[in-house]
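Here's the letter readout for the chains.
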Amino acid sequence: MNRVFFGSKLKQIPVYPLIFSIYPGLALAAYNLSEIEARIALRAILVSFLIGGIAFLATRVWLKDWMRAASVTTFFLVLFFSYGHIYQFLEQNPVGNFSLGRHRILIILFAFVFIIGMLLLTRKRINFVPATQALNLACLVLLIMPLAQTATFYFRRLEENNNIDQTSITQTMLTPDEHTSLPDIYLIVLDTYVRGDALLNDFNFDNTYFLDSLREMGFYVADCARSNYPHTQNALTAMLNMAYIPEISSRLGALGLDPTNVQPLLKQNLVREQLEAIGYKTVAFETGYSWSSITDADIYLHIGSEAMQLQNLTPFEAMFIKTTALLILVDTQNLAHASTMTEVIFPYSDHINRQQFILDQLPKIAALPGANFVFVHILIPHIPYVFDKDGNLPPSDYYNGHNGIPTSGEYLVPAYTGQIQYINSRMIPILQEIVDTSPNPPIIILTGDHGLQGSNIHQILNAYYLPADSTEHLYSNISLVNSFRVVFDGYFNTHLGVLTD
């Protein structure tokens with residue numbers, strides 16, 4: 001009897017405001033899992049939960065009724081977390097020549113709905129007992145959907161990684177010289193870096209000083225190098241597996257795997273597998289993209305919790321805030337909140353911090369013991385164009401357009417070439433320090449993954465620092481698919497040859 005009574009009472013405890021408060025951040029994270037690591041969303045979800053909890057307790061103190069407080073709190077949270085979504089929808093979908101996507105209009109509408117809702121929910125005659133159990137269940141179901149989506153995503157990723165093990169080649173093709181210490185191997189990808197002739201023809205920018213500096217340091221610069229694909233994922237997957245995408249797909253299909261899903265092989269690639277088989281450790285950095293962050297590397301470097309201070313919001317957190325009623329503060333740039341909202345108005349601080357972290361840490365890797373394969377994906381000169389030639393933040397017109405592109409075409413050339421100049425100024429001393437401090441002469445591939453636009457989309461920077469007598473297989477129009485074929489043939493006594501570029 002008491003057990004039945006207790007069970008029925010438990011079902012009437014109004015926990016649905018707390019459950020619902022977790023949902024907005026979790027749903028947004030689940031929708032963007034292909035672009036972010038799940039841990040990036042944890043802080044936003046926690047803050048969201050705290051907002052719901054504090055609002056629930058405050059309303060309980062005011063109304064002196066848990067059930068009534070739960071309904072009022074949930075109504076408030078629905079309005080709070082939906083404001084940004086509704087604003088953006090109305091802004092993008094005007095009615096005729098009239099747009100409701102204006103704060104001065106939407107604030108009035110939301111205030112009206114809130115007042116009406118409060119008047120109805122605070123009436124004394126309403127019995128909330130029958131609805132509590134239903135709302136608890138409804139919010140649980142609502143929460144299960146993004147949780148299931150997240151679990152499915154990571155289950156598929158785990159399955160992909162397990163399937164990738166089937167593609168492994170058990171025979172090691174590399175046979176380094178017994179009396180020679182293994183060199184560190186660096187693959188440094190400067191995303192969207194166009195080669196010298198295209199920079200001059202398309203952007204009126206002379207990159208001779210940088211290219212000559214590389215040559216003076218001992219690099220071979222492939223003046224006519226090309227990317228095989230116009231997108232990072234395919235370009236790097238082909239490069240790191242030393243094969244074109246159709247061949248990689250055929251390998252997967254022959255093993256009964258999905259031949260269209262080659263992107264996991266960007267991280268679990270043939271080059272990495274072969275190097276690890278002869279004793280190399282893999283070193284990688286967090287890139288900001290889940291598909292190129294090799295989180296299972298032997299050494300995985302990221303900014304970490306110590307540097308991720310509360311005032312530095314991630315792009316995900318900035319995006320999340322802009323889906324809520326806090327969008328009002330962001331857009332109006334209220335002076336009372338200017339100092340605390342800077343990082344929300346400017347959501348690229350995390351991107352800037354990550355690139356600076358990579359550039360600062362990269363030359364220190366030479367001090368690591370053993371032989372290391374270092375994968376570095378630097379998103380410069382890739383958008384957003386948030387570095388001028390001196391590494392400072394340029395005017396907002398350079399990065400405040402859609403997806404961080406310049407607000408108009410007139411800013412594209414100075415924005416892009418500014419980032420070229422900045423990364424040039426950083427890379428020369430970094431490369432020189434790596435060469436000078438490495439215990440054995442390193443192997444360095446410095447390359448773009450693809451170009452920027454139009455005719456230069458395949459025309460990329462491509463330079464090699466190889467030990468003596470290992471450059472004979474290099475040639476000016478080499479494409480990325482052949483980079484490691486040449487390196488392995490020249491230094492590890494393979495006979496891979498080169499594919500048709």
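Figured I'd write up the structure that's included with this text. All values derive from a computational prediction rather than experimental measurement.

1. Some points on a nonpolar patch on the surface
Then, number 1: Nonpolar side chains collect at one region of the surface, where F112, V113, I115, I116, L119 and L120 lie side by side and expose about 570 Å² of accessible area between them.
Then, number 2: For V113, the position within the fold is in helix α5 (residues 103–121).
Then, number 3: The exposure class of V113 is partly exposed, given its relative accessible area of 39%.

2. What to know about the nonpolar core
Side chains that are nonpolar tend, in soluble globular proteins, to be buried together.
Then, number 1: By size, the foremost hydrophobic cluster in this structure holds 52 residues, and its most contacted members are I188, L362, I378 and M427.
Then, number 2: In terms of residue count, the dominant contributor to this core is helix α18 (residues 412–437) (11 residues).
Then, number 3: For M427, the residues in contact, after removing those within four places along its chain, are I188, L190, F210, L359, L362, I378 and L446.
Then, number 4: If you look at the next biggest cluster of nonpolar residues, it comprises 47 residues, including I185, L266, A297 and Y491.

3. Side note on the packing of helix α17 (residues 349–361) against α18
Then, number 1: Running from N to C, α17 and α18 cross one another at 25 degrees; their axes reach a closest spacing of 10 Å. The pairing of α17 with α18 is recorded here as roughly parallel in orientation. The segment α17 lies against α18, with Q356, L359 and D360 engaging Y422, I423, R426, M427 and I430.
Then, number 2: The residue makeup of the contact of α17 with α18, split by class, is 5 nonpolar, 1 polar and 2 charged.

4. Considering helix α2 (residues 16–31)
Then, number 1: Given a rise of 1.5 Å per residue, 16 residues ought to cover 22 Å, and the 22 Å separating the end C-alpha atoms of α2 matches this to within 8%.
Then, number 2: Y23 marks the point of greatest bend in α2, at about 30 degrees, and the proline P24 comes within the next four residues.
Then, number 3: Among all positions in α2, only Y16, P17, I19, F20, S21, P24, G25, L26, L28, A29 and A30 are buried.

Here is what the cut-offs are and how they apply
Residues numbered from 1 in each chain as written. Predicted model: local features only at pLDDT ≥ 70, side-chain atom pairs only at ≥ 80, totals over all residues. Heavy atoms only, no water. Patch = residues over 30% accessible without salt bridge, like charges linked within 9 Å, V, L, I, M, F, W, Y side chains within 5 Å. Areas by Shrake-Rupley, 256 points an atom, 1.4 Å probe, with all protein chains shown as cover. Salt bridge = Lys/Arg side-chain N within 4 Å of Asp/Glu carboxyl O. Helix = DSSP H or I, 4+ residues; strand = E, 2+ residues; numbered from the N terminus. Buried < 20%, exposed > 50% of the residue type's maximum accessible area, 1.4 Å probe, protein only. Core = buried A, V, L, I, M, F, W, Y, C linked by side-chain atoms within 4.5 Å. Contact = heavy atoms within 4.5 Å. Axes fitted to C-alpha atoms, helices over the stretch in contact; angles between N-to-C directions. Parallel < 35°, antiparallel > 145°, perpendicular 65-115°, else oblique. Nonpolar A, V, L, I, M, F, W, Y, C, P; charged D, E, K, R; others polar. Expected span 1.5 Å × (residues − 1). Bend = angle between axes of the 7 residues up to and from the residue.

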